[in-house]
Amino acid sequence: MHNFDFAKPSTIAEAAKALAADGAQALSGGQTLIPTMKQRLAAPGVLVSLTGIAEMQGVCMGDGGLHIGAATPHAVVAKEAKAHYPALAALAGGIGDPAVRSRGTIGGSIANNDPAACYPSAVLASGATVVTNKRKIAADDYFQGLFTTALEEGEFVTSVIFPIPSSAAYVKFNQPASRFALTGVFVAKYADGVRVAVTGAGNDGVFRWKEAEAALSGNFSADALSGLTVDPDGMIADLHGSAAYRANLVKVLTGRAVTAAG
Amino acid sequence: MTKVSMTVNGKAVSGEVEGRTLLSSFLREGLGLTGTHVGCDTSQCGACVVHVDGKPVKSCTVFAADVAGASVKTIEGMANADGSLSVLQQAFQDHHGLQCGFCTPGMVMSSAALLAENPKPTEHEVRHHLEGNICRCTGYHNIVKAVMAASGQDVSAVAAE
C-alpha cells in the first residue's frame, strides 16, 4: 500500500482540524479501509485515526434514546447495548467475526455505507439520528445510495442516537464466506408505526420497504405480509443470488424478523 | 518514520515505523516475533490474530502506529513462565488440533480470547467464535475438541469424524 502520514488526535476538534488537510481521510476500525488501501483502491495522503477520541467511545442512555459513540467497536455494542436495545446488540454481535468486532466501529460502518453492511439497516429502521462534528442528520436523509452518505468533506460521524423500539429484530441471510448480508432485514416497532429497513439487496444500498411498514403497522404479524410482493427491479444480482432471489429473501426475512420480534 | 512504543508479551518495546506499517509487520520484521503468521494478508484467514489490550485482532489489519501504547500478546507469550505449554496449547497437542500448523497461532490466540470471556463455551459457541480463523487442512473438529478440552469439559461426545 502507498505510504501516508498518520495522525491520532484525542478530541473531535483536533480531528476536524486534521481532516481539513488536503488528501486527509478518516480511519476508524480500518476493517474495510485497510484492505481497500492494500488493494490501492484508496491512497489517502493523511490518515486520521478516530480511535483515540474518548468522547466518541461508549454506549449510554440519554436524550432521544441510546447514544453510541461512533468509534465504539461492534464487540462493545454487542455487550453494552444488550440491556437497552437487544436487537441492535445482536446485530453488532453478528458482524464479521470476533477479531473484526474488536476493531470495526459503528461510525466506520455507516460512513462507508456498504450496500451489504449490517448497521445501516438498524440506523434506518430505528429512525436514528446521525450526529457529526457539524450537525445532526436524520437517518432518512443520511443514506444516499451505494457507498454514498450525506457526509460532506471534512465531516465525520461522532455518535448515533437510537430511539428505543417496543420490539425489534434483525435477521441476516449470511453470505457464508464474507459474513456480510446476502440480504438482511431490520424490523422495529414504535408507538407511531413500524419501520422496515433492508440491506444487502438494493442496488442503491439500504432502503425502507414502505408497503411492509404500512401492513405491519396495522397488524404486526408475518401474515400481514402475505399479499405483498417485492419488485426484483432495483435488486442486486450477482453470482451469489439473482435479483428475483433477493426480492424473495426480502419478504421471507421480513416475516422472520417480525416473528422474532414478537 | 515515527517511533512507536508498546508492551509486547509483558516487555516494553519500541521501534521506527512508517504510517503504513501493519502490526503484523512490526511484530515479525521489527521485533523478530515470527510466531504470528500472515496467511492471506486480506483480513480473512485469522492466522495473524494477536491480543491488543486483551481483545483478539487481526494484526494484518491494524496499523502499528494506531496501537502505540497498547499491551499486545502474541503466541510467543502464551507458554507458561517455565517454558512449558499452557493448558490451551497442550490441549491442541493432545487432541491433534493442528496438522500443518500454519493457522495454529491464530487459532490459539482466538481461542484464548474466547475462554477468557466464556470459560465454559458450548461446541456451538466455539465454532461460532472461530468463524474468522481458517484452517487450510480443514482440521476443525480436533481444534474445537482441543478448545473444549482446555476449558475442562468432557470432549468424548464432540464430533470426531
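Predicted model only: the values in this text are computed from it and were never measured.

What counts and what doesn't
Note on numbering: residues in each chain are counted from 1, in written sequence order. Numbering of ligands from 1 and lettering of chains from A proceed in the order in which they are written. Predicted model: local features are reported for residues with pLDDT of at least 70 only, side-chain atom pairs are reported and counted for 80 or more only, and whole-chain, interface and lining totals are derived from all residues. Here contacts are defined at the residue level, using C-beta atoms placed from the backbone and a cut-off of 7 Å between them. Following the grouping adopted for this structure description, the nonpolar residues are Ala, Val, Leu, Ile, Met, Phe, Trp, Tyr, Cys and Pro, the charged ones are Asp, Glu, Lys and Arg, and the polar ones are all others, Gly among them. Strand pairing is assigned whenever DSSP detects at least two bridges linking the two strands. What counts as a helix is a DSSP run of H or I of at least four residues, what counts as a strand is a run of E of at least two, and both are numbered from the N terminus. Helix axes are fitted only over the stretch in contact, all axes being lines through C-alpha atoms; the angle between N-to-C directions runs from 0 to 180 degrees. Each residue is classed by its C-beta neighbour count within 10 Å, where at least 20 other C-beta atoms makes it buried, 12 or fewer makes it exposed, and intermediate counts make it partly exposed; the C-beta atoms are placed from backbone geometry. Arc, as used here, means the arc of the directions from the helix axis to the C-beta atoms. Annotation comment: domain bounds sourced from an automatic or database domain assignment.

What follows deals with the interface of chain B and chain A. With 22 residues of chain B at the contact, the number on the chain A side is 23 residues. Along the lines of polarity and charge, the residues of the side of chain B that touches chain A split into seven nonpolar, eight polar and seven charged.

Residues and elements named next belong to chain A. Taken in spatial order, the four strands line up as S9-S10-S11-S12 in an open sheet, and their pairing is antiparallel. Strands at the two margins of the open sheet, each flanked by one partner only, are strand S9 (167–174) and strand S12 (207–208). As paired elements, strand S11 (residues 193–199) and S12 share two bridges and run antiparallel to each other. Paired with Ala197 across the strands is Arg208, a residue of S12. Contacts from helix H9 (residues 210–218) reach S11 and S12, with the element oriented near 150° to S11. On top of the sheet, helix H10 (residues 243–261) reaches S9, strand S10 (181–190) and S11; it is set at about 40° to S10, its chief contact.

It is worth spelling out helix H1 (residues 12–19) of chain A at this point. All names here are of chain A. For H1, the set of buried residues is Ala15, Ala18 and Leu19. Down the axis of H1, the smallest arc covering the buried residues is 95°, so these residues share one side. In this fold, the buried residues of H1 make contact with strand S1 (5–7), strand S2 (24–27) and strand S3 (46–49).

All names here are of chain B. With seven bridges joining them, strand S1 (residues 2–8) and strand S2 (residues 11–17) adopt antiparallel strand pairing. The partner of Met6 across the bridge, within S2, is Val13. Here S1 folds back onto S2 in antiparallel fashion, the turn holding two residues, of which Asn9 has a positive phi close to 50°.

What follows concerns the domain arrangement of chain B. All names here are of chain B. According to the domain assignment, chain B consists of domain 1 (2–77) and domain 2 (87–150). Once you take the C-alpha centre of each, domain 1 and domain 2 turn out to be 21 Å apart. Listed per partner, the contact involves 16 residues of domain 1 and twelve residues of domain 2. Within the residue set of the side of domain 1 that touches domain 2, elements represented by two or more residues are strand S3 (49–52) and strand S4 (55–58). Sort the elements by how many residues they give to the side of domain 1 that touches domain 2 and S3 lands first, with three residues. A class-by-class count of the residues in the side of domain 1 that touches domain 2 yields seven nonpolar, eight polar and one charged.

What the domain assignment reports for chain A is domain 1 (5–49), domain 2 (57–162) and domain 3 (167–261). Taking only C-alpha atoms, the centre of domain 1 of chain A and the centre of domain 3 of chain A are 33 Å apart.

Residues and elements named next belong to chain B. By secondary structure assignment, the location of Ala64 is in the loop between S4 and strand S5 (71–73). Residue Ala64 is classed as buried on the basis of its 26 C-beta neighbours within 10 Å. With 47 residues separating them in the primary sequence, Ala64 and Val17 have C-alpha atoms 7.4 Å apart. Look past the residues within four positions of Ala64 in its chain and what remains in contact with it is Val4, Val17, Thr21, Leu22, Leu23 and Phe26.

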